[in-house]
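Structure at a glance
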Amino acid sequence: KGGQSGTKLALTRLETKIVPREEWAQIFTDGWRLLRDWFYDPKMHGLDWNLMRERYGALVPHVAHRADLDFIFGELGGELNAGHVYVGWGDFPKPKRRDGGLLGAEIAADPSGYFRIARIFPGENWHEGFRSPLTEPGVTVNRGDYILAIDGTSTKGVDNVYRLLENKGGQVVTLLVNGRPDPAGARQENVRTITRETNLRYLDWVSSRREMVDKASNGRIGYIHLPNTAVEGNRELFKHFYPQAGKEALIIDDRYNGGGFIPDRMIELLDRPVLSYWARRGVQPDQTPGFAHQGPKVVLMNGYSASGGDAFPYFFRKRSLGKLIGTRTWGGLIGLSGNPAFVDGGEINVPEFRFFDTEGMWAVENYGVEPDIEVVDLPELVIRGGDPSLEKAVEVLLEELAKTPRKPLVIPVPPDESR
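Here's what I pulled together on the structure shown here.

Thresholds, definitions, all that
- In this numbering scheme, every chain counts its residues from 1 along its sequence in written order.
- Reporting of local features is limited, given that this is a predicted model, to residues whose pLDDT is at least 70; pairs of side-chain atoms are given and counted only at 80 or more, and all residues count toward the totals for whole chains, interfaces and linings.
- The side-chain values count all of the structure's non-hydrogen atoms but skip hydrogen atoms and water molecules.
- By the criteria applied, helices consist of DSSP H or I runs no shorter than four residues and strands consist of E runs no shorter than two, each listed in order from the N terminus.
- The size measure is the radius of gyration over C-alpha atoms, and the globule rule it meets is 2.2 Å times the number of residues to the 0.38 power.
- When accessible area is computed with a 1.4 Å probe and restricted to protein chains, residues below 20% of their type maximum are described as buried, those above 50% as exposed, and intermediate ones as partly exposed.
- Methods summary: accessible areas were calculated by the Shrake-Rupley approach with a probe of 1.4 Å, and residue burial reflects only the protein chains presented.
- Charge assignment in this entry is limited to Lys and Arg as positive and Asp and Glu as negative, and neither His nor the chain termini are counted.
- A single reference atom marks each charge: NZ on Lys, CZ on Arg, CG on Asp, CD on Glu.
- Think of a salt bridge as a Lys or Arg side-chain nitrogen and an Asp or Glu carboxyl oxygen that are within 4 Å of each other.
- Axis lines are fitted to C-alpha atoms, over the contacting stretch for helices. Their N-to-C directions set the angle, which ranges from 0 to 180 degrees.
- Roughly parallel means an angle under 35 degrees; roughly antiparallel means over 145; roughly perpendicular covers 65 to 115; every other angle is labelled oblique.
- When the near helix sits turned anticlockwise from the far one by under a right angle, the crossing is termed left-handed; a clockwise turn instead gives a right-handed crossing.
- We call two residues in contact when some of their heavy atoms are within 4.5 Å.
- Only Asp, Glu, Lys and Arg are considered charged in this grouping, and only Ala, Val, Leu, Ile, Met, Phe, Trp, Tyr, Cys and Pro are considered nonpolar; every other residue, Gly among them, is considered polar.
- Should DSSP find at least two bridges between two strands, the strands are taken to pair.
- When two rings of Phe, Tyr or Trp (its six-membered ring) have centres within 6.5 Å they constitute a pair, described as stacked for plane angles under 30 degrees, edge-to-face for angles over 60, and tilted for the intermediate range.
- For a helix, the expected span equals 1.5 Å multiplied by the residue count minus one.
- Throughout, the arc means the angular range of directions from the helix axis out to the C-beta atoms.

In terms of helices and strands, the protein carries 9 helices and 17 strands. Its C-alpha atoms give the protein a radius of gyration of 29 Å, more than 25% over the compact-globule value 22 Å for 419 residues. Of all 419 residues assigned to the protein, the portion counted as buried reaches 42%. Here the protein displays about 24000 Å² of accessible surface, and carbon together with sulfur accounts for 53% of that area. For the protein, the centre of its 52 positive side-chain charges and the centre of its 57 negative side-chain charges are spaced 4 Å apart.

The next subject is the pattern of salt bridges. Per the counting criterion, the structure on display carries 33 salt bridges. Between R131 and E136 there is a salt bridge; the shortest N-O distance is 2.8 Å. The buried category is assigned to R131, whose relative accessible area is 2%. Residue classification places E136 among the buried residues on the basis of a relative accessible area of 16%. Close ionic contact of D264 with R265 constitutes a salt bridge, the shortest N to O distance being 3.7 Å. The exposed category is assigned to R265, whose relative accessible area is 59%.

We now examine the packing of helix α1 (residues 20–38) against helix α3 (residues 66–78). Between α1 and α3, the shortest axis-to-axis distance is 11 Å and the interhelical angle comes to 20 degrees. Viewed along their axes, α1 and α3 adopt a mutual orientation that is roughly parallel. At the point where α1 passes α3, the crossing takes the right-handed sense. Where α1 abuts α3, its residues W24, I27, F28, G31, W32 and L35 lie against R66, L69, I72, F73 and L76. Looking at the contact of α1 with α3 residue by residue, the class counts come to 9 nonpolar, 1 polar and 1 charged.

Bringing the packing of helix α4 (residues 198–216) against helix α9 (residues 388–403) into the picture now. It is the contact of α4 with α9, at a shortest axis distance of 10 Å, that shows an interaxial angle of 35 degrees. As α4 packs across α9, the resulting crossing turns out to be right-handed. Here R209, M212, V213 and A216 of α4 lie close against α9, whose contacting residues are L390, E391, V394 and L398.

Taken together, the 5 strands give an open sheet; going across it, the order is β8-β9-β12-β13-β17, and neighbouring strands pair in parallel fashion. The strands lining the two open edges of the sheet, one partner per strand, are β8 (221–225) and β17 (373–374). Pairing analysis gives 5 bridges linking β8 to strand β9 (residues 249–253), with the strands arranged parallel. Paired with I221 across the two strands is A249, which belongs to β9. Sitting on the sheet, helix α5 (residues 231–244) is in contact with β8 and β9, with an inclination near 170 degrees to β8.

The tally for this structure, following the rule as stated, stands at 15 aromatic pairs. Centre to centre, the rings of F73 and F342 are 5.2 Å apart; their planes meet at 15 degrees, and the pair counts as stacked. One end of the pair, F73, is in helix α3; the other, F342, is in the loop between β14 (334–335) and β15 (347–348), and 269 residues separate them in sequence. Classification of F342 by relative accessible area gives buried; the value is 6%.

Let's shift gears to unusual backbone geometry. Following T288, the chain continues to P289 via a peptide bond in cis, the omega torsion being -5 degrees. Mapped onto the fold, P289 is located in the loop between β11 (286–288) and β12 (297–301).

Here we take up the environment of R192. With respect to the element layout, R192 can be found in strand β7 (residues 187–192). In the structure, R192 is positioned 58 residues away from L134 in sequence and 8.6 Å away in space, judged by C-alpha atoms. The residues touching R192, leaving out its near neighbours within four places in the chain, are E128, R131, P133, E136, G170, Q171 and V172.

Below, the discussion takes up α3. Taking 1.5 Å of rise per residue, the 13 residues of α3 would be expected to cover 18 Å, and the 19 Å separating its terminal C-alpha atoms lies within 8% of that figure. Along α3, the residues classified as buried are R66, L69, D70, I72, F73, L76 and G77. Seen along its axis, α3 keeps its buried residues to an arc of 160 degrees; they face one direction. Each element contacted by the buried residues of α3 is listed here: α1, α2 (49–57), β1 (87–88) and β15.

The end-to-end C-alpha separation of α5 is 20 Å, in line with the 20 Å expected for 14 residues at 1.5 Å each. Taken residue by residue, α5 has G233, E236, L237, H240, F241 and Q244 as its buried positions. Buried residues of α5, viewed axially, fall in a sector of 115 degrees; they line one side. Along α5, exposed side chains directed more than 90 degrees from the buried face belong to V231 and P243.

Right, let's get into the side chain of D70. By the element assignment, D70 lies in helix α3. On the basis of relative accessible area, D70 is assigned to the buried category, the value being 8%. Those residues in contact with D70 that lie beyond four places of it in its chain are V87, G88, W89, G90 and F92.

Rendered as structure tokens:
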């Protein structure tokens, strides 16, 4: 019935034949063209881009696996000496991952042969990525309890307790739990496992840093960690800035910042000025804006402060908000806007815009941001529970507070309007 208006072509049984070597050759040409046409510098950092096509294209007929082509793209993109030239895997068979179950806890082998819960990581159970299974409503499991069995299998004598949680990620498992290593009087607890504990351990690390700062400063200094300058980093900034805006000083931790968006709005929050105060009867004055921090601040940074994590300390210094402490940042400020992918779903990210300063000079890319005070977080100190950068930050801020203590807010005497 071809030719009739309104008819549809049935595609449910449509098949296509792919010849990998032909597709790989096309993908290589597409990748070379994407870099040529989308890279921020049309002169390709001085490279003869046609020569690059010949040099690396000569390898393409010898590609025996899609991963080989990814390697060639890595070498081709590396010729540009630019950050953010990322290669995304193409289409090739990968084993299906079967996630094991995790409990959000440190579990230790006990001399009894059973396993004991040595620590439970607090979570934020209102969002799935930070859910801590043993702290959820309806679960009564405490630190020090023994896990005697999982789904009916005894843990006694098991070489690795996680063996009993294989292939049980995101599922409800039944734990036999007791306060002593004895099945008598034990109770069953139904627990929905998680597949990653990274976020719980991250929260624990942040909480421990904040406690260190609070103790060392006797509550005078606040602490905020920014994991990136994207959604998560802005969430953490807003979550922790408002309750700590009244602290005398602030430490903003940019270490291990994975970048994301350009962090101008994040800097604006820290740079927010107080415009006025409002006197009220019987209570402390209000201010406008209601939350603004006027005390001294520092930023911590290291070689893993990347992309937006480079820009954040640069902007912090540009606005004269305080000292930078740690080690030089990653040095990657040629940014991405997004570009077409390949026919098989792989990609090569092309940097499209590069940072330069207000004096018209290239900056940060391939170098990073230098600290004002260099502190190396030596592994042998960190593994013993220390945090050299954080400790130096507290020292610096306490010295600043001693030199320029916060002035008390004095309400002026109300005028006599009796005349």
